[in-house]
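In case you want the letters, here they are:
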Amino acid sequence: MGGVTSDNPPGVALRRQLRPQLPSPLTEVADEDFARRGLRLLLKRDDLIHPDIPGNKWRKLEPNLRAALAAGHRTLLTFGGAYSNHLRATAAAGRLLGLPTVGVVRGDELAGKPLNPSLARCAADGMRLVFVDRATYRRKTDPDVLARLDPDGDAYVVPEGGSNAEAARGCAELGRELRGAAGVVGVACGTGGTLAGLAAGLDDGQRAIGFPVLKGGFLGAEVERLQQEAFGGPRGHWALDDRFHAGGYARTSPELEAFAAGFEERHGIALERLYVAKMLHGLTTLAREGAFAPGTTVAAVITGTP
Ligand SMILES: *Cc1c(COP(=O)(O)O)cnc(C)c1O
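Residues numbered from 1 in each chain as written. Predicted model: local features only at pLDDT ≥ 70, side-chain atom pairs only at ≥ 80, totals over all residues. Heavy atoms only, no water.

Going by an unreviewed UniProt entry, the chain carries the name 1-aminocyclopropane-1-carboxylate deaminase and comes from Streptomyces mashuensis. In its Cofactor (unreviewed entry) section, the UniProt record describing the chain reads: "pyridoxal 5'-phosphate". You can read under Sequence similarities (unreviewed entry) in the UniProt record for the chain the words "Belongs to the ACC deaminase/D-cysteine desulfhydrase family." (UniProt positions renumbered as here; feature names shortened; annotations may be inferred.)

So this is what it looks like as structure tokens:
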């Protein structure tokens, strides 16, 4: 696979090697729930950025990969649950760039069992999987725990879910790509890193709405913290709508499932269920409720693939 050579600036080498489709496509869909209210609906197809590192995982990982390479790190170490899209994307990036990767997986009960398809993909991409018990996982970034996971101390550590200041700055590019294109932008939120960057990249007349897929109400503070770290203070106009998580991560409801199946059928696009379907359900409900002024263009960020 070649690896990244040191005579190329890391960022240039990265895009030359990985060939992301950027800016990602922006396409209009004719949707009755929006048209009826005098609204347009656009899909920001971040899911098409890269086949193995799709959506916001590309936007968050790329600046971290650059930072890792620039600082001379050879190994990437990160964390996730057994079905983490972030772990999969990191493993794929490692394979494509010739960098060793370590994935610290929550739950030591998984060790020694057959790998689920997501973790099998990580392993096939060369990721070394380390299963840790939940108590240890909670302390995963404490120095003593990290020292055990990375005995040589030379790994570049990407946080769980991939959200840090670098990631938020990477997602600001998503906002900049949407300038002038929409009044309102909807995005699904896990850690909030994508929303933090998106809102920072939009211009003053635009606003972002985040739809948390987890229950808990902690996300607003997290987005503020990430903006502080990445940009030195609050940026852009954003809000959260907490009504569409359907009970929590990976939970669903008959209403959500009916909405997702109907949207797929009407528009011929398969929806990722854990994040994207919840966000589109939220935006569509807000449109039906009359939350957007007639004439508004609404952009939905398709952050990942099914
Ligand atoms: C990881 C992920 C998200 C969550 O992004 P955050 O930056 O953690 O809020 C959203 N959508 C998809 C498809 C994802 O895989």
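*Asks:* Let's hear about the UniProt feature "active site" (unreviewed entry) in the chain: which residues, and what values?
*Replies:* The feature "active site" (unreviewed entry), as given by UniProt, occupies S84 in the numbering adopted here. Overall, S84 belongs to the buried group, its relative accessible area being 13%. In this structure the side chain of S84 is engaged in a polar contact, spanning 2.9 Å, whose partner is the backbone nitrogen of L87. (Buried < 20%, exposed > 50% of the residue type's maximum accessible area, 1.4 Å probe, protein only. Polar contact = N/O pair within 3.5 Å; in protein donor to acceptor, adjacent residues only side chain to side chain.)

*Asks:* Got a sec to walk through the UniProt feature "domain: Tryptophan synthase beta chain-like PALP" (unreviewed entry) in the chain? Specific residues and values, please.
*Replies:* Per the UniProt record, the feature "domain: Tryptophan synthase beta chain-like PALP" (unreviewed entry) sits at residues 35-304. Between the end C-alpha atoms of residues 35-304 the distance is 25 Å, and the span holds 41% helix and 17% strand. (Helix = DSSP H or I, 4+ residues; strand = E, 2+ residues; numbered from the N terminus.)

*Asks:* Break down the site of the ligand for me, with residues and values.
*Replies:* Near the ligand there are 15 residues, and of these K57, K60, T191, T194 and T303 occur at the shortest range. Within the side chain of K57, a nitrogen or oxygen atom sits 2.8 Å from an oxygen atom of the ligand. One nitrogen or oxygen atom from the side chain of T194 is found 2.7 Å from an oxygen atom belonging to the ligand. When isolated, the ligand has an accessible area of 390 Å², and the protein chains bury 97% of it. Only α3 (55-70) and α9 (193-201) provide two or more residues apiece to the shell around the ligand. Top element by residues in the shell around the ligand is α3. It accounts for three residues. A per-class count over the shell around the ligand returns two nonpolar, ten polar and three charged. (Near = heavy atom within 4 Å. Areas by Shrake-Rupley, 256 points an atom, 1.4 Å probe, with all protein chains shown as cover. Nonpolar A, V, L, I, M, F, W, Y, C, P; charged D, E, K, R; others polar.)

*Asks:* Any details on the domain arrangement of the chain? Residues and values, ideally.
*Replies:* Looking at the assigned domains, one finds that the chain contains domain 1 (11-55 + 163-301) and domain 2 (74-154). Between domain 1 and domain 2, the C-alpha centre-to-centre distance is 27 Å. Counting residues at the interface gives eight residues for domain 1 and seven residues for domain 2. Here domain 1 meets domain 2 over a buried area of about 590 Å², counting both sides, of which 66% is carbon and sulfur. The largest per-residue losses of area from domain 1 upon contact with domain 2 belong to L18, D52 and I53, which jointly make up 58% of the total buried on that side. If you look at where domain 1 meets domain 2, you find one residue pair in polar contact (both at pLDDT 80 or more). Here the side of domain 1 that touches domain 2 is built from residues that sort into four nonpolar, two polar and two charged. (Domains from an automatic or database assignment. Contact = heavy atoms within 4.5 Å. Buried area = accessible area lost by both parts, 1.4 Å probe.)

*Asks:* Could you give me a rundown of the side chain of K57, with the residues and numbers involved?
*Replies:* Relative to the assigned elements, K57 resides in helix α3. Buried K57, no salt bridge; nearest opposite-charge side chain is E272, N-O distance 8.0 Å. Within polar-contact distance, the side chain of K57 engages the side chain of N56 at 3.1 Å. (Lys, Arg positive; Asp, Glu negative; His and termini not counted. Salt bridge = Lys/Arg side-chain N within 4 Å of Asp/Glu carboxyl O.)

*Asks:* Break down α3 for me, citing the residues and quoting the values.
*Replies:* Taking 1.5 Å of rise per residue, 16 residues should cover 22 Å, and α3 covers 23 Å from first to last C-alpha, within 8% of that figure. At L61, α3 shows its maximal bend, which comes to roughly 30 degrees, and the proline P63 appears one to four places after that position. In terms of residue burial, α3 counts as a mostly covered element, since 13 of its 16 residues are buried. Downstream of α3 by one or two residues, G72 has phi in the positive range, about 80 degrees. (Expected span 1.5 Å × (residues − 1). Bend = angle between axes of the 7 residues up to and from the residue.)

*Asks:* Could you give an account of the packing of aromatic side chains, naming the residues involved and the relevant values?
*Replies:* Counted according to the given criterion, the structure contains three aromatic pairs. When the ring of F211 is compared with that of F244, the centres are 5.9 Å apart and the planes differ by 70 degrees; the resulting orientation is edge-to-face. With F211 in strand β8 (residues 207-212) and F244 in the loop between β9 (238-240) and α11 (254-267), the pair connects residues that are 33 residues apart, well separated along the chain. Classification of F244 by relative accessible area gives buried; the value is 7%. Note on Y249 and Y275: the rings are 6.0 Å apart at their centroids and 65 degrees apart in plane angle, and the pair reads as edge-to-face. Taken together, the residues Y249 in the loop between β9 and α11 and Y275 in the loop between α11 and α12 (276-288) connect sequence positions 26 residues apart. The positively charged end of K57 is found above the aromatic ring belonging to Y275, 5.8 Å away from the centroid. Positioned above the aromatic ring of Y137 is the side chain of R106, whose terminal nitrogen or guanidinium carbon lies 5.5 Å from the ring centre. (Phe/Tyr/Trp six-rings, centres within 6.5 Å; stacked < 30°, edge-to-face > 60°. Lys NZ or Arg CZ within 6 Å of the ring centre and 35° of its normal.)

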